[in-house]
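Spelled out, the chains give:
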Amino acid sequence: MITTLKSKWRAYVGPTDERIKAHENEVFARMGKFLMIANLCLAYYALHLEGLATRTNLMNDWPRVSLVLIPSMVLLVYTGLSGAWACSRFTKAGYVDRNRFAETETFPRAYFALLALLSAIAFFALLTLSEAAAEFQVVGWEKIAWADIASTAAFLSAFVGVMSYIAMYLEYLKARRSRRARLGEMEG
Amino acid sequence: MEGKKNLRMRAARVAKDLSQADLARAVGVTRQTIGLIEAGGYNPTLKLCTDICKALDVTLNDLFWED
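Residues numbered from 1 in each chain as written. Chains lettered and ligands numbered in written order. Predicted model: local features only at pLDDT ≥ 70, side-chain atom pairs only at ≥ 80, totals over all residues. Heavy atoms only, no water.

(A) Quick look at the overall build of chain B. If you tally the helices and strands in chain B, you get five helices and zero strands. Since a compact globule built from 67 residues should have a radius of gyration of about 11 Å, the 11 Å found for chain B is in line with a globular shape. Projected onto the principal axes, the alpha-carbon positions of chain B cover approximately 25 × 20 × 20 Å. Burial analysis of chain B (67 residues in total) assigns 40% to the buried set. A total of about 4,100 Å² of accessible surface is found on chain B, and carbon and sulfur atoms cover 54% of it. (Helix = DSSP H or I, 4+ residues; strand = E, 2+ residues; numbered from the N terminus. Rg over C-alpha atoms; globule rule 2.2 N^0.38 Å. Buried < 20%, exposed > 50% of the residue type's maximum accessible area, 1.4 Å probe, protein only. Areas by Shrake-Rupley, 256 points an atom, 1.4 Å probe, with all protein chains shown as cover.)

This is the structure:
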């Protein structure tokens, strides 16, 4: 079943272009280095924050969970920013993907709609599972508010799906502009 | 990072009556990659070079060796 789906997907998106894959690897390698350094700094910051809170008895009026939340928010924000940076490097080079749609001259509506749908599903799963895992740790399995979690996740996922599609369209325009400029330079 | 135009590859492709898109499909890359190799704007891997040679029924020397 999964093999059939994978082969169907491969037939649909076509082979991966080695030139684009090489560029993608370069971008992700730089992003990986940045994330590693930023993670290290954040980990040290969290350690010092906790150490200081313990030494100054701050733990009494500043619950431990707050100390975890601050680094978590920073982690979330800079991971998002790193992803945005990687996307912008990719589109600046003229690509929107690494398969047959990578340098398309016409906007692949069905393909991007499918990607937006898959993003929404993945986001739904991530939100639901992470929230359920957190509730499980705090209130136990029986008290997990599945309906509330699912409805919030569904609303946010639908929003993410629509925004992804719009973002992909804007990235497609940017990539096409960069590509045409580059090809123009080569021909000129 | 622009290199020398690969006119021999272009000639071999045209002799085989293939468009850039046909050759790209045959070797599993995008049409732009073939265009860039011919224009000297991309240095392909050895694997892609051999795939192109096989698709065009020529040798590596015919297309990529510089004297």
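Read on, since the account is not over.
(B) Just the packing of aromatic side chains, in detail. All names here are of chain A. What the rule picks out here adds up to 15 aromatic pairs over all chains. A ring pair is formed by Phe101 and Tyr111, whose centres lie 4.1 Å apart and whose planes are at 15°; its orientation type is stacked. On the criterion of sequence distance, the pair formed by Phe101 in the loop between helix 3 (64-92) and helix 4 (109-139) and Tyr111 in helix 4 is long-range, its members being 10 residues apart. Residue classification places Phe101 among the buried residues on the basis of a relative accessible area of 8%. Here Phe107 and Tyr165 contribute two aromatic rings whose centre-to-centre distance is 5.8 Å and whose plane-to-plane angle is 75°, an arrangement assigned as edge-to-face. (Phe/Tyr/Trp six-rings, centres within 6.5 Å; stacked < 30°, edge-to-face > 60°.)

(C) Representation of the state of the cysteines. Residues and elements named next belong to chain B. Taken as a whole and judged by the stated rule, the model has zero disulfides over all chains. Among the cysteines around Cys49, which has no disulfide bond, Cys53 carries the closest sulfur, lying 6.7 Å off. You can call Cys49 buried: its relative accessible area is 8%. (Disulfide = S-S within 2.5 Å.)

(D) Local environment of unusual backbone geometry. All names here are of chain B. Positive phi, normally seen in glycine, also occurs at Asp17, with a value near 60°. Tracing the chain through its elements places Asp17 in the loop between helix 1 (7-15) and helix 2 (20-27). Phi at Asp57 is positive, roughly 55°, even though this residue is not glycine. Among the secondary structure elements, Asp57 is positioned in the loop between helix 4 (46-56) and helix 5 (60-64). Of the residues examined, Asp57 reaches a relative accessible area of 59% and is grouped as exposed.

(E) View of the interface of chain A and chain B. Between chain A and chain B, the residue contacts involve 11 residues of the former and 13 residues of the latter. Both faces combined, the contact of chain A with chain B buries some 1,000 Å², and carbon together with sulfur accounts for 57% of it. Our enumeration of links across chain A and chain B arrives at zero salt bridges. Summed over the shared surface of chain A and chain B, the result is eight residue pairs in polar contact (both at pLDDT 80 or more). Looking at the side of chain A that touches chain B, the elements with two or more residues in it are helix 2 (18-55) and helix 5 (146-187) of chain A. Looking at the side of chain A that touches chain B, its residues break down into three nonpolar, two polar and six charged. (Contact = heavy atoms within 4.5 Å. Buried area = accessible area lost by both parts, 1.4 Å probe. Salt bridge = Lys/Arg side-chain N within 4 Å of Asp/Glu carboxyl O. Polar contact = N/O pair within 3.5 Å; in protein donor to acceptor, adjacent residues only side chain to side chain. Nonpolar A, V, L, I, M, F, W, Y, C, P; charged D, E, K, R; others polar.)

(F) Geometry of the confidence of the model for chain A. Considering every residue of chain A, the mean pLDDT works out to 88; 95% of them sit at 70 or more. Here helix 3 of chain A stands out as the least confident element of chain A, with mean pLDDT 85; helix 4 of chain A is the most confident, with 94. (pLDDT = per-residue confidence, 0-100.)

(G) The UniProt feature "domain: HTH cro/C1-type" (unreviewed entry) in chain B, seen in detail. The UniProt record marks residues 9-63 of chain B with the feature "domain: HTH cro/C1-type" (unreviewed entry), using the residue numbering of this structure. A distance of 6 Å separates the end C-alpha atoms of residues 9-63 of chain B, which is 71% helix and 0% strand. (UniProt positions renumbered as here; feature names shortened; annotations may be inferred.)

(H) Structural detail: helix 4 of chain A. Residues and elements named next belong to chain A. The first and last C-alpha atoms of helix 4 sit 44 Å apart over 31 residues, in line with the 45 Å expected at 1.5 Å per residue. For helix 4, the full list of buried residues reads Tyr111, Phe112, Ala116, Ala120, Thr128, Ala132 and Glu135. Taken from the residues just after helix 4, Gly140 is the one with a positive phi, measuring 95°. (Expected span 1.5 Å × (residues − 1).)

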